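# Tertiary structure, described
Here are the chains, one letter per residue:
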Amino acid sequence: MSTAVASHHDSIDIDHDSHHDLLYVKVAAILAIITAAEVSLPYIADVEGAVLVAMLVMMAVKFFMVGAYFMHLKDDANLLRRVFIGGLALAGVVYLAALAAFAWFSDSNGLNEGTPPPADAPPLFPEG
Amino acid sequence: MTATTEAAPLESEGHEETPGHGHLTSTGLSNEKLAMWVFLGSECLLFGGLVSTYLLYRNRVPASQGPKVSDIFDIPFTSVSSFVLLMSSLTMVLAVAAIRRGDEHRTRTWLVTTALLGATFIAGQIYEFTVFFREGLGFTTNLGGSAFYGLTGFHGVHVSLGIVMLLSLFALSARGKLGPERAETVDIIGLYWHFVDVVWIVIFTVIYLIPI
């Protein structure tokens, strides 16, 4: 009787483990599909702004899927989630502020081609 | 007659035993795992700085100072590289799952597979750097190039260190020193590896794909 109960529990554990492994494979497949969509989007879509937003959204989805499922943030303690997202949010705020300070958003040097330095600009690293 | 009393286990006031460690922590969580998450949070600041530096400098390239980085990208090649790194995240999480259920053979298989996929990614990066150099974009050619090589080079170093850690885990496991009781060690290295992948997700989209 106890052997039957033990082997029943073992088979539940194996099913549970297989379920987890299958979930990871599914998540990886979804990530691969999103990556393929990201790569092909600029070649098939014309609307620049919409393509940009779509790519940023897909990037964010991939980021959070890896964090939630592969890094187990979904199931882990709140403190760990807060620590990571806190660092991420701080980095986002600081560097968006830095980009804004250098007029990256308002200046055409941001997302557009922009105005490069003049052709007679001195070399970056002088000879000798 | 003396009465022996056992100290009642400290409970929810944040003082709990962490499983598998046998010592108390004030958060109820493993100190090592918390330290890795704090480290990864700080790494967001490092890579955020490198990415924003590239974004600021990528277009500041006069025609006389070599090509712009975005002019010489090979997107299909880098897409394959990105896929390889993404799959290494899958094999890493499978390694963690395997060690948790005590399957040491599978753990070693997935660890070495992850390391090989990471090494393939690094080989791709090195090849890409040599192609860019032949196209006229060196580390000191222009500001955009310096920022690009700085960003992707730092990421490559992180991947390389991850490979060293994975191979160390493989060696420990091969010597019978990495059982299920040390699953958390594999989990923590796995967190580092997934973070390296997540950073590449951002780099690939922001640096490679969006400019095209």
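Model, not experiment: these values are computed from the prediction. Every residue gets a number counted from 1 within its own chain, in the order that chain's sequence is written. Chain labels run from A onward and ligand labels from 1 onward, assigned in the order the entries are written. In keeping with the model being predicted, local features are shown solely for residues with a pLDDT of at least 70 and side-chain atom pairs are shown and tallied solely at 80 or more, while totals for entire chains, interfaces and linings include all residues.

We now examine the overall build of chain A. Secondary structure elements are defined from DSSP: runs of H or I of at least 4 residues count as helices, runs of E of at least 2 residues count as strands, and each element is numbered from the N terminus. Looking only at helices and strands, one finds three helices and zero strands in chain A. Along the chain direction, N to C, the helices and strands of chain A fall in the order α-α-α. Counting every position in chain A, which comprises 128 residues, the buried fraction comes to 16%. Backbone-placed C-beta atoms define the burial measure: a residue is buried with 20 or more other C-beta atoms within 10 Å of its own, exposed with 12 or fewer, and partly exposed in between.

Next up on the list: the overall build of chain B. The number of helices and strands found in chain B is five helices and two strands. The buried share among the 212 residues of chain B stands at 44%. Placing C-beta atoms from the backbone, we regard two residues as in contact once those atoms come within 7 Å. Of all intrachain contacts in chain B linking residues separated by at least 6 positions in sequence, the fraction that spans at least 24 positions is 76%.

It is worth spelling out the environment of Thr 152 of chain B at this point. If you trace the backbone, Thr 152 of chain B turns up in helix H4 (residues 143–174). Look past the residues within four positions of Thr 152 of chain B in its chain and what remains in contact with it is Gln 125 and Ile 203 of chain B.

Another point: the packing of helix H3 (residues 104–134) of chain B against H4 of chain B. Residue and element names in this part refer to chain B. Contact geometry of H3 with H4 gives a least axis separation of 9 Å together with a crossing angle of 155°. Between H3 and H4, the angle is such that the two are roughly antiparallel. Crossing angle aside, the handedness with which H3 passes H4 is left-handed. Two secondary-structure elements touch here, H3 through Glu 104, Thr 107, Arg 108, Leu 111, Val 112, Thr 114, Ala 115, Gly 118, Ala 119, Phe 121, Ile 122 and Gln 125 and H4 through Thr 152, Gly 156, Val 159, Ser 160, Gly 162, Ile 163, Leu 166, Leu 167, Leu 169, Phe 170, Ser 173 and Ala 174. Residues of the contact of H3 with H4, tallied by class, amount to 13 nonpolar, nine polar and two charged. Lines are fitted to the C-alpha atoms to define the axes, a helix being fitted only along its stretch in contact, and any angle between axes, read from their N-to-C directions, falls within 0 to 180 degrees. Oblique is the label for any angle not covered by the other classes, which are roughly parallel (under 35 degrees), roughly antiparallel (over 145) and roughly perpendicular (65 to 115). Each crossing is labelled by how the near helix is turned from the far one, with a counterclockwise turn of less than a right angle marking it left-handed and a clockwise turn marking it right-handed. Each residue gets one label: Ala, Val, Leu, Ile, Met, Phe, Trp, Tyr, Cys and Pro are nonpolar, Asp, Glu, Lys and Arg are charged, and the others, such as Gly, are polar.

Across the boundary between the two partners, chain B contributes 48 residues, which contact 47 residues of chain A. No other element matches the 14 residues that helix H1 (residues 31–57) of chain B contributes to the side of chain B that touches chain A. Classifying every residue of the side of chain B that touches chain A by side-chain character gives 28 nonpolar, 16 polar and four charged.

Moving on, we get to unusual backbone geometry. All names here are of chain A. Of note in this structure, His 72 is not a glycine but carries a positive phi near 60°. Backbone geometry places Ala 103, a non-glycine residue, at a positive phi of 60°. Along the chain, Ala 103 falls in the segment after helix H3 (78–101).

Throughout this description, the term nonpolar core refers to a group of buried Ala, Val, Leu, Ile, Met, Phe, Trp, Tyr and Cys residues whose C-beta atoms join them within 7 Å. By size, the foremost hydrophobic cluster in this structure holds 75 residues, and its most contacted members are Tyr 54 and Ala 95 of chain B. Breaking this core down by element, the ones donating at least two residues are helix H1 (2–44), helix H2 (48–70) and H3 of chain A together with H1, helix H2 (75–100), H3, H4 and helix H5 (183–209) of chain B. Take this core: its biggest share by element is 17 residues, from H5 of chain B. These domain boundaries are the output of an automatic or database domain assignment. Mapped onto the domain boundaries, this core takes at least three residues apiece from domain 1 (2–72) and domain 2 (77–113) of chain A. Ala 95 of chain B has contacts with Thr 107, Trp 110, Leu 111, Thr 114, Val 186 and Gly 190 of chain B, leaving out every residue within four places of it along the chain.

So, about the environment of Leu 90 of chain B. Topologically, Leu 90 of chain B is positioned in helix H2. Each C-alpha atom of the pair Leu 90 of chain B and Thr 114 of chain B lies 8.3 Å from the other, and the pair is 24 residues apart in sequence. Apart from residues no more than four positions distant in its own chain, Leu 90 of chain B is found in contact with Tyr 24, Val 25 and Ala 28 of chain A.

Bringing the packing of H3 of chain A against H1 of chain B into the picture now. At a minimum axis distance of 8 Å, the contact between H3 of chain A and H1 of chain B shows a crossing angle of 15°. Between H3 of chain A and H1 of chain B, the angle is such that the two are roughly parallel. The interaxial crossing formed by H3 of chain A with H1 of chain B has right-handed handedness.

Right, let's get into the environment of Leu 41 of chain A. Residue and element names in this part refer to chain A. Along the chain, Leu 41 turns up in helix H1. In the structure, Leu 41 is positioned 13 residues away from Ala 54 in sequence and 8.6 Å away in space, judged by C-alpha atoms. Discounting chain neighbours no more than four positions away, the residues touching Leu 41 are Val 51, Ala 54 and Met 55.

All names here are of chain B. On a range of 0 to 100, pLDDT expresses the predictor's confidence in each residue. In the predicted model, chain B carries a mean pLDDT of 87, and the fraction of residues at 70 or more is 88%. In this model, residues 1–21 is a region of pLDDT below 50 whose contacts with residues beyond four sequence positions or in other chains number 18 contacts. On the interface metric, ipTM, the complex scores 0.82, and its pTM is 0.83.

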